[in-house]
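Chain by chain, the residues run as shown.
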Amino acid sequence: MGIGGISIWQLLIIALIIVLLFGTKKLRTLGSDLGGALKGFKQAVKDKDEESDDSSAENPPGQLGTEAMRKDAHTDTQTEKPQDK
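Rules behind the numbers
Residues numbered from 1 in each chain as written. Predicted model: local features only at pLDDT ≥ 70, side-chain atom pairs only at ≥ 80, totals over all residues. Heavy atoms only, no water. Helix = DSSP H or I, 4+ residues; strand = E, 2+ residues; numbered from the N terminus. Buried < 20%, exposed > 50% of the residue type's maximum accessible area, 1.4 Å probe, protein only. Areas by Shrake-Rupley, 256 points an atom, 1.4 Å probe, with all protein chains shown as cover. Patch = residues over 30% accessible without salt bridge, like charges linked within 9 Å, V, L, I, M, F, W, Y side chains within 5 Å. Salt bridge = Lys/Arg side-chain N within 4 Å of Asp/Glu carboxyl O. Lys, Arg positive; Asp, Glu negative; His and termini not counted. Charge placed at Lys NZ, Arg CZ, Asp CG, Glu CD.

Student: Outline the overall build of the chain, supporting the account with residue identities and numerical values.
Tutor: Counting its secondary structure elements, the chain contains three helices and zero strands. With 85 residues in all, the chain has 1% of them scored as buried. Here the chain has roughly 8200 Å² of accessible surface; of this, 63% comes from carbon and sulfur atoms.

As structure tokens, then:
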């Protein structure tokens, strides 16, 4: 018995059927597309981590940057409404 009750022979038969249905060229293309997508995802995560590290170095904890303070001041003025007489 193999993994989860599937033997190696059953896995080989399933793989053979998949190759017969899709062909080796399409499977190779699918593999390279999947690899490219994973590479792009890893690069995006790495860039995002570097970006967050840079922003945390610029704005130490407990201190807001000037852009964040302007944004906070802008939202405070919008939430205050003049009272009607």
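Having put the structure on the table, let's press on.
Student: Tell me about a nonpolar patch on the surface, residues and numbers included.
Tutor: A cluster of nonpolar side chains, contributed by Ile6, Ile8, Trp9, Leu11, Leu12, Ile13, Ile14, Ile17, Ile18, Leu21 and Phe22, occupies part of the molecular surface with about 1100 Å² of accessible area. Tracing the sequence through the fold places isoleucine 6 in the segment before helix H1 (8-22). Judged by relative accessible area, which is 34%, isoleucine 6 ranks as partly exposed.

Student: Any chance you could break down a negative patch on the surface for me, citing the residues and the numbers?
Tutor: Residues Asp47, Asp49, Glu50, Asp53 and Asp54 make up a contiguous surface patch of negative charge. Within the fold, glutamate 50 resides in helix H2 (residues 24-58).

Student: Now, about the pattern of salt bridges: what can you tell me, with residues and values included?
Tutor: Applying the stated criterion across every chain, the model contains one salt bridge. In this structure, the salt-bridge partner of lysine 48 is glutamate 51, at a minimum N-O distance of 4.0 Å. Here the residue lysine 48 and the residue glutamate 51 both occupy positions in helix H2, the gap between them amounting to three residues, near one helical turn. Accessibility expressed as a relative area gives 53% for lysine 48, which makes it exposed.

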